[in-house]
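Descriptive analysis of the structure
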Amino acid sequence: MEHTGAYRPADGPRLGTVLSSLVAALLARAAEPAPCPPLAPQAPLTPLIMAFIQQRLDDPELTPQSIAAAHGISLSCLHRLFEDESETVAAFVRRRRLERARFDLADPAQAGTPVHAVAARWGFTRATDFARAFRAAYGLAPGDFRKYSRGFRGRIAT
């Protein structure tokens, strides 16, 4: 500004407010994830995201928000990627965690591991949430599933 004569000392606070609002808007815009590009039916990002999820199932902080952030996309873009899948991204994470926990509960080598420890290993922070989700998915409580799978193995072996 070469000509500051047009501004009075009383204009300073107002100009400061306008300038700080402008800078805040620019910084907020720069922090936003990239917009979701138009997606092809077989978007190559979806398999990468699924692999990312598979590698981090044990992380209790693995959420749709953290998945989107890790891939530099918005949450709505992540949900759009999963529209052509048979389940939402959250359901995919939950199903894969439950499958891993079920495998561990059926493993005779892990018979001494408490059910809540198996749940925690696969990202379930609350044992009650795990038990409810497990029962909804498999029709049995996790402890009952463990007993049943052990008894079933014994009958097959004889």
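All figures in this text were calculated on a predicted structure; none of them were measured in a lab. (Residues numbered from 1 in each chain as written. Predicted model: local features only at pLDDT ≥ 70, side-chain atom pairs only at ≥ 80, totals over all residues. Heavy atoms only, no water.)

A word on the overall build of the protein chain
Assigned secondary structure in the protein chain consists of eight helices and zero strands. Starting at the N terminus and walking to the C terminus, you meet the elements of the protein chain as α-α-α-α-α-α-α-α. Relative to its full complement of 158 residues, the protein chain shows a buried share of 28%. Surface summary for the protein chain: the accessible area is close to 10500 Å², and the carbon and sulfur share equals 60%. (Helix = DSSP H or I, 4+ residues; strand = E, 2+ residues; numbered from the N terminus. Buried < 20%, exposed > 50% of the residue type's maximum accessible area, 1.4 Å probe, protein only. Areas by Shrake-Rupley, 256 points an atom, 1.4 Å probe, with all protein chains shown as cover.)

Section: the side chain of R96
Along the polypeptide, R96 turns up in helix α5 (residues 89–106). The buried category is assigned to R96, whose relative accessible area is 16%. A distance of 2.7 Å separates polar atoms of two side chains, one belonging to R96 and the other to Q54. Each residue touching R96, except ones within four places of it in the same chain, is listed here: Q54 and L57. (Polar contact = N/O pair within 3.5 Å; in protein donor to acceptor, adjacent residues only side chain to side chain. Contact = heavy atoms within 4.5 Å.)

Considerations on the packing of helix α2 (residues 45–55) against α5
At their nearest, the axes of α2 and α5 sit 10 Å apart, and the two run at 40° to each other. Classified by the angle their axes make, α2 and α5 are oblique. The two elements α2 and α5 meet at a crossing, and its hand is right-handed. Mapping the contact onto sequence places M50, I53 and Q54 in α2 and V89, F92, V93, R96 and R100 in α5. Grouping the amino acids of the contact of α2 with α5 by side-chain chemistry returns five nonpolar, one polar and two charged. (Axes fitted to C-alpha atoms, helices over the stretch in contact; angles between N-to-C directions. Parallel < 35°, antiparallel > 145°, perpendicular 65-115°, else oblique. Left-handed = near helix turned anticlockwise from the far one by under 90°. Nonpolar A, V, L, I, M, F, W, Y, C, P; charged D, E, K, R; others polar.)

A word on the side chain of Q110
Structurally, Q110 can be placed in the loop between α5 and α6 (115–121). Exposure remark for Q110: the relative accessible area of 15% places this residue in the buried category. Sequence-distant contacts of Q110, defined by excluding residues within four places in its chain, comprise D104, R121 and R146.

Points about the pattern of salt bridges
One pass over the structure, following the stated rule, counts six salt bridges. One salt bridge in this structure joins R95 and E99, with 2.8 Å as the shortest N-O distance. One end of the pair is R95 and the other is E99, both in helix α5 and four residues apart, which spans about a single turn. By relative accessible area, R95 is classed as partly exposed at 32%. Take E99: its relative accessible area is 23%, and that puts it in the partly exposed class. Here R96 makes a salt bridge to E99, at a shortest N to O gap of 2.0 Å. With R96 and E99 both in helix α5, this residue pair falls three residues apart, about one helical turn. (Salt bridge = Lys/Arg side-chain N within 4 Å of Asp/Glu carboxyl O.)

Focus: the confidence of the model for the protein chain
With 71% of its residues at a pLDDT of 70 or more, the protein chain has an overall mean of 83. In the model, residues 154–158 has pLDDT below 50 throughout and makes one contact with residues more than four positions away in sequence or in other chains. (pLDDT = per-residue confidence, 0-100.)

A closer look at the packing of α5 against helix α7 (residues 127–138)
Two numbers describe how α5 lies on α7: the axes approach to 11 Å, and their chain directions differ by 90°. With respect to α7, the element α5 is oriented roughly perpendicular. From α5, R94, L98, E99, A101, R102 and L105 reach across to α7, where they touch F130, A133, F134, A137 and Y138. Residues belonging to the contact of α5 with α7 are distributed by class as follows: eight nonpolar, no polar and three charged.

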